[in-house]
Amino acid sequence: QVQLVESGGGLVQPGGSLRLSCAASGNIFLYTMGWYRQAPGKQRELVAAVSPTGFTNYLDSVKGRFTISRDYAKKMVYLQMNSLTPEDTAVYYCNGALGATMLAWGQGTQVTVSS
């Protein structure tokens, strides 16, 4: 089973930027990879996804601010987050989907946007 490890979170002021990284322990070439987030008291939501062919889609509230990318050779997935707002505060997770199968969830990385 492929293991996923997220990193790059932290405390940032409103308007700031962060780059999240997700390292996979195995081959994720065929997976559609996504970044999810879960804020306190809320359900986990899909923020951005990138298909094996590079097609991307985003949650409406992050369009134009967040960019998802993947590096096949390094087995990495990234989320560049710009113009952050307090509403972006959450634990961020990456995961992959292949048909109806999803990978095991990692521990996530905390993003806190506050002045």
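Residues numbered from 1 in each chain as written. Predicted model: local features only at pLDDT ≥ 70, side-chain atom pairs only at ≥ 80, totals over all residues. Heavy atoms only, no water.

Trainee: How do you make sense of the overall build of the chain when you look at a structure like this?
Mentor: Broken down by element type, the chain carries 0 helices and 11 strands. Listing the helices and strands of the chain from first to last along the sequence gives β-β-β-β-β-β-β-β-β-β-β. Here the C-alpha atoms of the chain give a radius of gyration of 13 Å, agreeing with the 13 Å that 2.2 N^0.38 yields for 115 residues. The dimensions of the chain, computed from C-alpha atoms along their principal axes, are 40 × 25 × 25 Å. Expressed as a percentage of the 115 residues in the chain, the buried residues total 43%. In the chain, the proportion of contacts linking residues at least 24 apart, taken out of those at least 6 apart, comes to 52%. On the chain, roughly 6000 Å² of surface is accessible, and the fraction owed to carbon and sulfur atoms is 53%. Computed over 9 positive and 6 negative side-chain charges, the separation of the two mean positions in the chain equals 6 Å. (Helix = DSSP H or I, 4+ residues; strand = E, 2+ residues; numbered from the N terminus. Rg over C-alpha atoms; globule rule 2.2 N^0.38 Å. Buried < 20%, exposed > 50% of the residue type's maximum accessible area, 1.4 Å probe, protein only. Contact = heavy atoms within 4.5 Å. Areas by Shrake-Rupley, 256 points an atom, 1.4 Å probe, with all protein chains shown as cover. Lys, Arg positive; Asp, Glu negative; His and termini not counted. Charge placed at Lys NZ, Arg CZ, Asp CG, Glu CD.)

Trainee: What should I look at first to understand the sheet that holds strand β7 (residues 66-71) in this one?
Mentor: Adjacent strands of a sheet form backbone hydrogen bonds with each other and so pair up, either parallel or antiparallel. Taking strand neighbours across the sheet as the criterion, the 4 strands line up as β1-β3-β8-β7 in an open arrangement whose pairing is antiparallel. A strand with exactly one partner marks an edge of an open sheet, and here the two such strands are β1 (4-7) and β7. For this sheet the average axis-to-axis angle between neighbouring strands, irrespective of direction, equals 15°. The sheet contact formed by β7 and strand β8 (residues 76-81) spans 6 bridges and is antiparallel. Directly across from R70, in β8, lies its bridge partner V77. (Pairing = 2+ DSSP bridges. Axes fitted to C-alpha atoms, helices over the stretch in contact; angles between N-to-C directions.)

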